[in-house]
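Structure assessment
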Amino acid sequence: MHGGFDSLIEEFYAIWQRIAAAGFDVIAFEGPGQGGARALEGLTFDHDWEKPVKAVLDHFRIESAAMVGISMGGYWAVRAASRERRLDKVVAWPPVYDWLRRVPAPLRGATRIMLRRRRFMRWSVRTRARLAPALRHVVDHALYLVDSEDPVSVVDWFLGMNADHLGSERVTQHVLLLCGEHDSFQPPVLARAQAEALTAASSVTMRVFMKAENADQHCQIGNVDLACRALTHWLQNPATATTGCVI
């Protein structure tokens, strides 16, 4: 199990604890660019997540495991599963699939053209970050992940998470996609696109958490206990799980 963009393994301890209490052995780790791997070892980010996953599996001599990626980690978990056959189940909590899928289809071509205008993007990122504190955090942290001072590196980093790089068609494992009805960061449109792209998966289950469950926001903050129960139920028997819509 691992987190995402700016997370630390310690902040998800309540999740690790719940999954362990359900009878699972839990290994939580930080990959390049995350937590101690970045702060203590100086490892910058690499979207090829199968590399740290291989290191963890090799170190613990594990031949079969489920992989759970939280927040943006949902993207890297799927990427790892597409290359690492010792993973027999994968959970994207929630998926990213491709950031450009957040843009309406008719506008994606124009968006790609705009993003290639690097001088303009450099100015745009700097200006918007000055005006919006939340965006400034995203920009500063992305630059920290890749050890860069060039604002356009932030654009490159996010665009590095795309459908071609992800390789969804190579995923053959059982897959669980968890998402919130009103997740404004990784919305259900990304989960639906991810589900459709998993053409070779053994099974795909998508669970959309609703406002009535107090779990409709990002990573089900508001009712993490419900999300953990859905997750552990699926892990115990993914082929017959009834945690959501089976695709």
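Residues numbered from 1 in each chain as written. Predicted model: local features only at pLDDT ≥ 70, side-chain atom pairs only at ≥ 80, totals over all residues. Heavy atoms only, no water.

Attention shifts here to the pairing of strand β2 (residues 87–93). Of all seven residues making up β2, six are buried, and the element is well covered by its neighbours. Here six bridges tie strand β1 (residues 65–70) to β2, and the two strands are oriented parallel to one another. The residue of β2 that forms the bridge with M67 is V90. With helix α4 (residues 73–81) bridging β1 and the parallel β2, this β-α-β connection has right-handed handedness. With four bridges joining them, β2 and strand β3 (residues 174–180) adopt parallel strand pairing. (Buried < 20%, exposed > 50% of the residue type's maximum accessible area, 1.4 Å probe, protein only. Helix = DSSP H or I, 4+ residues; strand = E, 2+ residues; numbered from the N terminus. Pairing = 2+ DSSP bridges. Right-handed = clockwise from strand over helix to strand, strands pointing away.)

It is worth spelling out the layout of surface pockets at this point. The calculated volume of the largest pocket comes to roughly 740 Å³. Every residue lining the largest pocket is counted, 21 residues in all, and those nearest its centre are L115, R128, L135, V155 and F158. Elements represented by at least two residues in the lining of the largest pocket include exactly α5 (105–115), α6 (118–131), α7 (133–146) and α8 (152–159). The residue inventory of the lining of the largest pocket, partitioned by class, reads 17 nonpolar, two polar and two charged. Reported here for the second largest pocket is a volume of approximately 420 Å³. Around the second largest pocket, the lining comprises 19 residues; the ones closest to its centre are D25, V26, I27, A65 and A66. The greatest single-element share of the lining of the second largest pocket, amounting to four residues, is contributed by β1. By residue class, the composition of the lining of the second largest pocket is 16 nonpolar, one polar and two charged. (1 Å grid on protein atoms, 1.4 Å probe; cavity = no way out; pocket = protein on both sides within 12 Å on 5 of 7 lines; lining within 4 Å. Points joined across faces, edges and corners; volume = space filled by probe spheres on them. Nonpolar A, V, L, I, M, F, W, Y, C, P; charged D, E, K, R; others polar.)

Everything listed is a geometric property; what it means functionally is a separate question.
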